[in-house]
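Chain by chain, the residues:
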Amino acid sequence: MPVTPPAGPHRWLAPPDLAVSLVGALFLLTGVAGIVPGPAAAALVVAGGCALACVRLAWLAGVPPAPSATPAGTPAADRPGHVRPTPHVRPSPPGRVLRWRADSSPVDPSEPTAGAGPVATTGRQARRVALSRRVAAILDAAVLVAGLTVAVLPLSDPAHRLPVALAGLGLAASLHVAALLRLPGRSRLPARERLRRTVDVLALGVSLVFAGWMLLPVGPVPPAALAASVGGAVTLAVLAMAALAERHRRPGAARCHAGAGLTLVGLALLVVLLAYDAPDRTLSAVAPPVLAGALLTAAGARRISAGERPQRGAAPAAWPRLTAPAGIAAVAAGVHLGAAGEFSPAAMALGLSVIPPIMVGELLAAADQRRRVERLVAREASLRRLVGDGEPVPLTRAELVRALPLRSGGALLVVDLHGDDAAAPDGSLLTEVGRRLRAGCGRHDLVARIGETGFAVLTDLGPVPAYALGIRLLAALAEPYPRPGGVSRVRVSIGLAETTGGDPEDVLRQADLARRRAVQLGRDRVEWYDAYLEEQLVRRLDLERELPGAVARGELDLVYQPVVALADRTPAGTEALLRWRSPVLGTVLPAELLPVATDLDLLGEVGWWVVDRACRQLAAWSEGGRELWMAVNVTPRELAAKDFVARTATALAAYDVPPERLVVEVAEPAVGAELSTVVARLAGLRSLGVRTALDDFRAEHASLAQLRRLPIDLLKVGPHLVAPGADGQRPLIDVVANLGDRLGVEVVVEGLESDGQVAGARRAGCRYGQGFALARPATAERVEAWFEEFPSASR
């Protein structure tokens, strides 16, 4: 089941494993040098590495998932309007694997995660989890047997070492085979692929058997050494080819195959050395493959347990069918010839037996190449048929996927239409859309109708020209459409993805992701797919999945940033800043949380939780004798609720908080068209005695006119107004401070991050300041401890 995220796709061993390997190498050097007996050095290295691998495998086999979330750092601003950009941590649910619906929208399998409440899993998921745990348990036993086989060498009588090694090799091989045959995600290969895989294994296996035969000492071969060398060579060939074949499609399974191969080769080498009664120092050579095999096996099982799914369309691993087996055999023959000076008839026959499977493999490769050329010719003919009469071709999604490989390079544009009213575009309008698309594309471009209101354009243009094509199509489709009763307009969202070297399903998914991003950003635009776009969309889907129920689960939290009097730097109030402490996503800031809450119609629920929690904290501080005020941020949409004023009064009464201690802030850039509603609600709050504030005041002409209409008590401005004006002019903060005096409004300068900014705000006559240079946001307990440094403030 999901555990900590696996290492990157190209890193087969994690840094801790590499550190263990480095320490093991140092121990082996002492064994080779004779400082430590060879069996003891090998035992220490293998015991340490196998113990680490066994612990990991045992945990994977029996411990339920418990992902942790690491909170992100605290930013400088958290308001629903303008927010200064700050880096954020993007924790992900461990082991999350996305599937795709038929309409290309991503789906998370929603595996159980700690703290997120019970989540239903399908029977198929449950079986997969149970299977991955059984595989981990069997692999744990296999690694344990391999480790014990080497670890007992120093404790065994020399006469008993060979039987122990043979028993360990046989048991470890049986357990590895049992586990590898149960790995999830195995698929039945086509007959031709099975034949090619068999020929490759045969060629590599014969070359390895020949190499093993050539490298054995001249003279009679002990039966145990013969069986171990032949069996080890065949096993290595099978598992090496399996690892190569699965490297891109199932990286976790590839690690398990490679780990098993290394482990068994190490044990086979141990049997050979013991059968020839080799010197003790040579036994150190057994440790590297066994250690690396154990760590690779654990790494592969970890990735499988994290929810690894077979990657569709993954490119097969490159394999030098001719040079690898021939090179192995040639090197082994050269070493043997230099040592023995001649070949025996049996050795010559075995060496020549490498040639037939290599030749068969080359013939199969040539046949595959011929079939690929035939398919390309057929695809080109099919493409020419698709662009016959110049009209859009109606295609299903599956047909579009099959058409994508017809172009070896280029781009795919997915076009989505949105009517200018609630109704979808009708048939006659869609016909005109298709005509405009066809007219705007090249004669060799494929224009297809997909879905009810969707189109696709497949072009052989490069990325930049394809983007320019998308802009031209956007402009053409945005023109009015003549109708019997007047004209109609449509809004257009276009997503673009490159087709070069990609799986057709992935290309279509990427273009559709870009289209969805264009919709999110307001439509009438072209969006270009990149990996960051996909991260953003996946992050958004994660937020949409986890936010419902967050209030009920107690995942919301408030931190508080003090507002201080600039004259003496004593606390005058605080601002409540929202945090979502998600056990799956980590700490989520308002800049991410509020747009999602708005789209999910959860803004009211979240907003009322903030007001209630702020009033409760104010009441708690009041019991200590502190008469500080607290500001909470609201959006115009929250203010538009008819019962906003009444519910605020209820919250104040519930905690017996004086109304003047609560400050309701609204960001000026967000007021816009909601000005009349905002004015009415702020006036209602002031009638209760609640103070009001305008946040993110921009000091522009329109802002000044708007300021005269808003019933506010506090005006909050950013630090940019403190900087000197151009050509030695007075800073804008001086103008704003004078305006505040004339209107009877107190000015709060927020975002102060240096002593120079604090001094400039104080010189301008601003009464209050807020920012990192004065006090950072913190939990209620820490803020209260900070208050204790000012015993006389606001008591």
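Let me begin by describing the structure that accompanies this report.

Conventions used here
Residues numbered from 1 in each chain as written. Predicted model: local features only at pLDDT ≥ 70, side-chain atom pairs only at ≥ 80, totals over all residues. Heavy atoms only, no water. Helix = DSSP H or I, 4+ residues; strand = E, 2+ residues; numbered from the N terminus. Buried < 20%, exposed > 50% of the residue type's maximum accessible area, 1.4 Å probe, protein only. Contact = heavy atoms within 4.5 Å. Areas by Shrake-Rupley, 256 points an atom, 1.4 Å probe, with all protein chains shown as cover. Core = buried A, V, L, I, M, F, W, Y, C linked by side-chain atoms within 4.5 Å. Axes fitted to C-alpha atoms, helices over the stretch in contact; angles between N-to-C directions. Parallel < 35°, antiparallel > 145°, perpendicular 65-115°, else oblique. Left-handed = near helix turned anticlockwise from the far one by under 90°. Nonpolar A, V, L, I, M, F, W, Y, C, P; charged D, E, K, R; others polar. Salt bridge = Lys/Arg side-chain N within 4 Å of Asp/Glu carboxyl O. Pairing = 2+ DSSP bridges. Phe/Tyr/Trp six-rings, centres within 6.5 Å; stacked < 30°, edge-to-face > 60°. Disulfide = S-S within 2.5 Å. Expected span 1.5 Å × (residues − 1). Arc of directions from axis to C-beta.

**Things to note about the overall build of the chain**
Line of reasoning, step 1. Counting its secondary structure elements, the chain contains 26 helices and 19 strands.
Line of reasoning, step 2. In the chain, which comprises 795 residues, the proportion classed as buried is 48%.
Line of reasoning, step 3. Once local pairs closer than 6 in sequence are excluded, the contacts in the chain between residues at least 24 apart make up 75%.
Line of reasoning, step 4. Per element, the accessible surface of the chain, about 36,400 Å² overall, is 60% carbon and sulfur.

**A look at the nonpolar core**
Line of reasoning, step 1. Counting 79 residues, the largest nonpolar core has Trp 580, Leu 593, Leu 694, Leu 715, Val 717 and Val 749 as its most contacted members.
Line of reasoning, step 2. No other element matches helix H18 (residues 603–623), which puts eleven residues into this core.
Line of reasoning, step 3. Setting aside residues up to four positions removed in sequence, Val 749 forms contacts with Val 717, Gly 718, Pro 719, Val 722, Ile 733, Ala 761, Cys 766, Tyr 768, Gly 769 and Gln 770.
Line of reasoning, step 4. Listed in part, the 52 residues of the second largest apolar core include Val 143, Leu 153, Val 271 and Leu 273.

**Describing the packing of helix H4 (residues 161–180) against helix H7 (residues 251–275)**
Line of reasoning, step 1. Where H4 contacts H7, the axes come no closer than 9 Å and their chain directions differ by 165°. Here H4 is positioned roughly antiparallel relative to H7, judged by the angle of their axes. For the pair H4 and H7, the crossing hand works out as left-handed. Within the contact between the two elements, H4 uses Arg 161, Leu 162, Ala 165, Leu 166, Gly 168, Leu 169, Ala 172, Ala 173, His 176 and Leu 180 and H7 uses Cys 256, His 257, Ala 260, Thr 263, Leu 264, Leu 267, Ala 268, Leu 270, Val 271, Leu 274 and Ala 275.
Line of reasoning, step 2. Per-class residue counts for the contact of H4 with H7 are 16 nonpolar, four polar and one charged.

**Brief notes about the pattern of salt bridges**
Line of reasoning, step 1. Taken as a whole and assessed by the stated rule, the structure comprises 25 salt bridges.
Line of reasoning, step 2. Among the salt bridges present, the one from Glu 432 reaches Arg 436, with a minimum N-O distance of 3.0 Å. Of this pair, Glu 432 and Arg 436 both sit in helix H13 (residues 427–440), separated by four residues, roughly a single helical turn.
Line of reasoning, step 3. Given a relative accessible area of 23%, Glu 432 falls into the partly exposed group.
Line of reasoning, step 4. Judged by its relative accessible area of 11%, Arg 436 is buried.
Line of reasoning, step 5. We note a salt bridge from Asp 755 to Arg 569, for which the minimum N-O separation is 3.9 Å. Taken together, the positions of Asp 755 in helix H25 (residues 755–763) and Arg 569 in the loop between strand E11 (556–565) and strand E12 (570–582) put the pair 186 residues apart, joining distant regions of the chain.
Line of reasoning, step 6. Residue Arg 569 is classed as partly exposed on the basis of its relative accessible area, which comes to 33%.

**Brief notes about the environment of Tyr 768**
Line of reasoning, step 1. With respect to the element layout, Tyr 768 can be found in strand E19 (residues 768–769).
Line of reasoning, step 2. Between the C-alpha atoms of Tyr 768 and Val 749, which are 19 residues apart in sequence, the distance is 6.5 Å.
Line of reasoning, step 3. Those residues within four positions of Tyr 768 in sequence are excluded, and the remaining contacts are Val 563, Val 564, Ala 565, Leu 566, Ala 572, Leu 714, Glu 746, Val 747, Val 748 and Val 749.

**Looking at the pairing of strand E16 (residues 691–697)**
Line of reasoning, step 1. Among the seven residues of E16, six are classified as buried, and the element is accordingly described as predominantly covered.
Line of reasoning, step 2. Where strand E15 (residues 662–667) lies against E16, five bridges are found, and the strand directions are parallel. Bridge assignment links Val 664 to a residue of E16, and that residue is Thr 692.
Line of reasoning, step 3. Where E16 lies against strand E17 (residues 714–717), three bridges are found, and the strand directions are parallel. Bridge pairing links Leu 694 to Leu 715 in E17.

**Considerations on unusual backbone geometry**
Line of reasoning, step 1. Of note, Asp 524 is a non-glycine position whose phi angle comes to about 55°, a positive value.
Line of reasoning, step 2. In this fold, Asp 524 is placed in the loop between helix H15 (504–520) and strand E10 (525–528).
Line of reasoning, step 3. The exposure class assigned to Asp 524 is partly exposed, which follows from its relative accessible area of 35%.

**Quick look at the packing of aromatic side chains**
Line of reasoning, step 1. With the rule as written, the count across this model stands at seven aromatic pairs.
Line of reasoning, step 2. When the centroid spacing of 5.4 Å and the interplanar angle of 65° are considered together, the rings of Tyr 560 and Trp 621 count as edge-to-face. Residue Tyr 560 is located in strand E11, and its partner Trp 621 is located in helix H18; the two are separated by 61 residues in the primary sequence.
Line of reasoning, step 3. By relative accessible area, which is 3% here, Tyr 560 ends up buried.

**Some thoughts on the state of the cysteines**
One covalent bond between the sulfur atoms of two cysteine residues makes up a disulfide.
Line of reasoning, step 1. One pass over the full model with this rule turns up zero disulfides.
Line of reasoning, step 2. In this structure Cys 54 is a free cysteine whose sulfur lies 6.1 Å from that of Cys 50, the closest cysteine sulfur available.
Line of reasoning, step 3. Relative accessible area serves as the criterion here: at 12%, Cys 54 is assigned to the buried category.

**Some details on helix H14 (residues 463–478)**
Line of reasoning, step 1. Compared with an ideal rise of 1.5 Å per residue, which puts 16 residues at 22 Å, H14 spans 22 Å between its outermost C-alpha atoms and is within 8% of the ideal.
Line of reasoning, step 2. Among the residues of H14, those classed as buried are Ala 466, Leu 469, Gly 470, Leu 473, Leu 474 and Leu 477. All buried residues of H14 project into a common sector of 140° when viewed along the axis, lining one side.
Line of reasoning, step 3. Among the structural elements, strand E4 (411–419), H13, strand E6 (454–459), strand E7 (481–483), strand E9 (490–498) and E10 are those in contact with the buried residues of H14.

**Brief notes about the environment of Ile 304**
Line of reasoning, step 1. As for its position among the elements, Ile 304 is in helix H8 (residues 287–305).
Line of reasoning, step 2. For Ile 304, a relative accessible area of 7% gives the class buried.
Line of reasoning, step 3. In sequence terms Ile 304 and Leu 183 are 121 residues apart; their C-alpha atoms lie 8.3 Å from each other.
Line of reasoning, step 4. The residues touching Ile 304, leaving out its near neighbours within four places in the chain, are Ser 132, Leu 183, Pro 184, Gly 252, Ala 253 and Cys 256.

**Describing the packing of H15 against helix H16 (residues 531–546)**
Line of reasoning, step 1. Between H15 and H16, whose axes approach to 10 Å, the crossing angle comes to 65°. By the angle between their axes, H15 is roughly perpendicular relative to H16. In the packing of H15 onto H16, the handedness of the crossing is left-handed. Residues Arg 509, Leu 513, Ala 514, Arg 516, Arg 517 and Gln 520 of H15 form the contact with H16, whose own contacting residues are Leu 533, Glu 534, Gln 536, Leu 537, Arg 540 and Leu 541.
Line of reasoning, step 2. Residues belonging to the contact of H15 with H16 are distributed by class as follows: five nonpolar, two polar and five charged.

Note that every value here comes from positions in space, so none of it alone points to a role or purpose.
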